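# Structure assessment
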Amino acid sequence: MNLSWTTLLPLLIILSSLIPGLIIFSLREDQVRLRIALNLTGALLKLSLVGLMLLGVSQGLEFRFSVPFLPGGGLVLQGDALALQFITLSSILWLATTVYAIGYLEDSPLRSRFFGYFSLCVSATVGVALAGNLVTFLLFYELLTLATFPLVVHRGTAEALRAGRIYLSYTLGGGAFLLMGVALLHSLTGSQDFVPGGYLQPLLQNHNASLMLAFGLLIAGLGVKAALLPLHGWLPQAMVAPAPVSALLHAVAVVKAGAFGIVRVVYDVYGVEPMQALGLSVPLMALAAATILYGSFKALQQREIKKRLAYSTISQVSYITLGVAMLGPIAGVGALVHLVHQGLMKVTLFYCAGNFAETLGIHHIREMDGVGRRMPLTMTAFTLGALGMIGVPPTAGFISKWYLGYGALDAGHDWVVLVFVLSGLLNAAYFLPLLYRGWFAKAPTTWPAESNLGTGKPGWGETHWMLLAPVVFIAALALLVGIFAGTTLSPLSWSQLIINREFGL
C-alpha cells in the first residue's frame, strides 16, 4: 500500500476525533480546560481535513485507504462525492454541537465519559460515510450503535435506562438483518467497492431471488436507524437523552446513517436498472410514503416539544428514502439535498428546544406562550427551522421539497405529490401553533424553572452564549443554503454532481 497523503487522509479524518475521544475518557472531571481544548481541537481539525479533501476532489484527486480483511475484500475508506456530502455536513454540525454540548453540560457530572463517547460517535459516523464497501460500512454502522447507547442512557434515570434498552434492542436487531444481507451479497460478489450505478447487473440472470432477499434484509437493517415503519419505535423513546444527544441522533449521526446507507444500497450497490428489473422501487416508495404520513400524524398528537420534533424526524427523513426510491435524477437530487437541508433545520430545532428547557424549564408546547419576547434570538431560529420544515420559500426545506415534488412528476409517480402536499399541510398544522404561542400568546409572570443561564434581557443575554451561538449560526446557515441554492458551492449543486455520476448524465 502506497502511504501517500491521498491514501492516509480518509484515515486521518476518522482519527481526528477518535484519538481526542480516547484521551478524554482518561481525564478527571475537574480538567475542564483540557477537555474543552481536546473537543474543539478535534472538531476543528476534522473540519480542516474534510476541507482539504473537498479541495483535492475538486482538482480530480482520488482518496482511498484499504487494508486486507476478509477473503475477497478488505476494509476500504474512500472519499467520493457522496461521502464528502455527508462528512461535510457531519463535520460542520459536530463543531457546532460540540460548542453547544460544552455549554449545555457545564455543571453536569460525568462529562469526560459523555464527551469520550461523543467523540467515538462522530468517528463512527464519519466511518459510515467514508466506507468504500458493505463490509466496512457494516463495521462502522455497528460501532455507531455501541457509541451512541451510552449517550442515550447518560442521565442514568429509570426512564433513560428503559429508553436505552429499547434503542439497543432495535439497533442490534437491525444490525443482525444488515449482517445477513451483507453476508448474502458477499457470498455472491465478494466485497466489491461502491461504484456509481452499482455492481449487481451481471447477477440479474441467475440470482434474482437472492438479490431480492438481500435487498429486503439490507433495508430492514438500515430502516431501523432511518426510522422507517415499523422500525421507528426507538426514536421517540430516546428523547429522554440530553438535547445535544437528541440533535446528534436526529440530524447528524444515527438517523442520517440509516438514510445514507439506503442511498448507498440503492445507487452504489444495486443501481437504477437492477432496482427496476427486480421491482424493488415500488415497495420501498410505499414504505417511505407511509412513514412520512404516519410521522406527520403522530407529530400532530404530541404535547411535548421534543416528542413532536422526534415524530417530525421520522416523517422528514423518509423524504430521503422516497426520493431515492423513485429512481429519477431530479428526485434523487431532492433526496440528497434534503439529507443536508433537513440536518441543518432539525439540529436548529433541537438546539432551540434545549435552550427553552435549560433556560426556562419549558418542555411542553403549552409552556411556550410568549417565549419569543424572553428569548427572541432562540425563537427566531426556531421559527426559521419550523418554516423550513414546512417548506416555505426561500428556506432550505422549500428547495429540497421542490425538487422532490418535481422529480416525482418527472419520474411518473404523480401520487407522490399528494403525499408531499398532505405532509406539508400536516407540518404546518403541528409547527404553526408553536410559532403562534411563542410570538403572540401572552407570556406568564414566571417561567416553569428559570435558571441562571440568562440575564432576563433580550438579545445575547437570553441564555448562555455557548447555547445561543450555535443556534444562531446553524439557523443562519440553513437559511443561506436555501437563498443561495443556485450557486456553484451549494449543497444543491453538489447533489446534482453526485446524481449526474450515478445516472451517467
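Summary of the structure given here. (Residues numbered from 1 in each chain as written. Predicted model: local features only at pLDDT ≥ 70, side-chain atom pairs only at ≥ 80, totals over all residues. Heavy atoms only, no water.)

### A short note on the overall build of the protein chain
The secondary structure content of the protein chain amounts to 20 helices and two strands. What you see for the protein chain is a C-alpha radius of gyration of 22 Å, in line with the 23 Å of a compact globule of 505 residues. Projecting the C-alpha coordinates of the protein chain onto the three principal axes gives extents of approximately 70 × 55 × 45 Å. Buried positions account for 61% of the 505 residues belonging to the protein chain. Within the protein chain, residue pairs in contact and separated by at least 24 positions form 80% of the contacts whose partners lie at least 6 positions apart. (Helix = DSSP H or I, 4+ residues; strand = E, 2+ residues; numbered from the N terminus. Rg over C-alpha atoms; globule rule 2.2 N^0.38 Å. Buried < 20%, exposed > 50% of the residue type's maximum accessible area, 1.4 Å probe, protein only. Contact = heavy atoms within 4.5 Å.)

### Comments concerning the packing of helix 3 (residues 81-104) against helix 10 (residues 254-270)
In contact at an axis separation of 11 Å, helix 3 and helix 10 are set at 170 degrees when each is read in the N-to-C sense. As summarised for this structure, helix 3 and helix 10 are arranged roughly antiparallel, according to the angle between their axes. Counting all contacts with helix 3, which are made through L82, A83, F86 and L89, the residues of helix 10 involved are K256, A257, F260, V263, R264 and D268. Broken down by class, the residue content of the contact of helix 3 with helix 10 amounts to seven nonpolar, no polar and three charged. (Axes fitted to C-alpha atoms, helices over the stretch in contact; angles between N-to-C directions. Parallel < 35°, antiparallel > 145°, perpendicular 65-115°, else oblique. Nonpolar A, V, L, I, M, F, W, Y, C, P; charged D, E, K, R; others polar.)

### Looking at the packing of aromatic side chains
Enumeration over the complete set of coordinates arrives at 16 aromatic pairs. Centroid distance F137 to Y141: 5.4 Å. Interplanar angle 25 degrees. Geometry classified as stacked. Here the residue F137 and the residue Y141 both occupy positions in helix 5 (residues 134-152), the gap between them amounting to four residues, near one helical turn. The two residues F137 and Y141 agree in class, both being buried. Ring centres 5.3 Å apart and planes at 20 degrees place the aromatic pair Y319 and F420 in the stacked group. Of this pair, Y319 sits in helix 13 (residues 305-325) while F420 sits in helix 18 (residues 414-440), placing them 101 residues apart in sequence. Across the pair, F420 and Y319 agree in class, each one buried. Site record: aromatic cluster; members linked through ring pairs are W94, F114, F115 and F118. Across the ring face of Y141, the terminal group of K225 is positioned such that the distance to the ring centre comes to 3.9 Å. (Phe/Tyr/Trp six-rings, centres within 6.5 Å; stacked < 30°, edge-to-face > 60°. Lys NZ or Arg CZ within 6 Å of the ring centre and 35° of its normal.)

### Describing the packing of helix 14 (residues 329-360) against helix 20 (residues 491-502)
The relative placement of two packed helices is expressed as an angle between their axes plus a distance between the axes. One way to put it is that helix 14 packs onto helix 20 with a least axis distance of 8 Å and a crossing angle of 135 degrees. When the axis of helix 14 is compared with that of helix 20, the two are oblique. Note on packing geometry: the crossing formed by helix 14 with helix 20 is right-handed. Contact residues: helix 14 offers P329, G332, V333, L336, V337, V340 and H341, while helix 20 offers P491, L492, S495, Q496, I498 and I499. Tallied by class, residues from the contact of helix 14 with helix 20 come to nine nonpolar, four polar and no charged. (Left-handed = near helix turned anticlockwise from the far one by under 90°.)

### With respect to the side chain of S493
Topologically, S493 is positioned in helix 20. S493 gets classed as buried once you look at its relative accessible area, which sits at 18%.

### Some details on empty space enclosed by the protein
One pass over the structure, following the stated rule, counts three cavities of 30 Å³ or more. If you add up the space inside the largest cavity, you get close to 110 Å³. S17, N39, G42, A43 and W94 are the residues nearest the centre of the largest cavity, which is lined by 14 residues in total. Looking at the lining of the largest cavity, the elements with two or more residues in it are helix 1 (5-25), helix 2 (32-58), helix 3 and helix 4 (111-130). The element best represented in the lining of the largest cavity is helix 2, accounting for five residues. Residue lining of the second largest cavity: M345, T348, A381, L384, G385, G388, T395, A396, A475, A478 and L479, and that is the complete set. Mapped by element, the contributors of at least two residues to the lining of the second largest cavity are helix 14, helix 16 (376-390) and helix 19 (465-483). Of all the elements, helix 16 adds the most residues to the lining of the second largest cavity, at four residues. Its residues placed into classes, the lining of the second largest cavity shows seven nonpolar, four polar and no charged. (1 Å grid on protein atoms, 1.4 Å probe; cavity = no way out; pocket = protein on both sides within 12 Å on 5 of 7 lines; lining within 4 Å. Points joined across faces, edges and corners; volume = space filled by probe spheres on them.)

### Looking at the environment of S400
Tracing the sequence through the fold places S400 in helix 17 (residues 396-410). For S400, a relative accessible area of 0% corresponds to the buried category. On a C-alpha basis, the gap between S400 and I320 in space is 9.6 Å, while along the polypeptide they are 80 residues apart. Every residue in contact with S400, bar those within four places of it in the chain, is listed here: G334, V337, H338 and H341.

### Section: the pattern of salt bridges
In the structure shown here, the tally under the stated rule is six salt bridges. A salt bridge links R111 to E29; the nearest nitrogen and oxygen atoms lie 3.8 Å apart. With R111 in helix 4 and E29 in the loop between helix 1 and helix 2, this residue pair connects regions lying 82 residues apart in the sequence. Of the charged contacts in the structure, one is a salt bridge between R264 and D80, with a shortest N-O distance of 2.9 Å. (Salt bridge = Lys/Arg side-chain N within 4 Å of Asp/Glu carboxyl O.)

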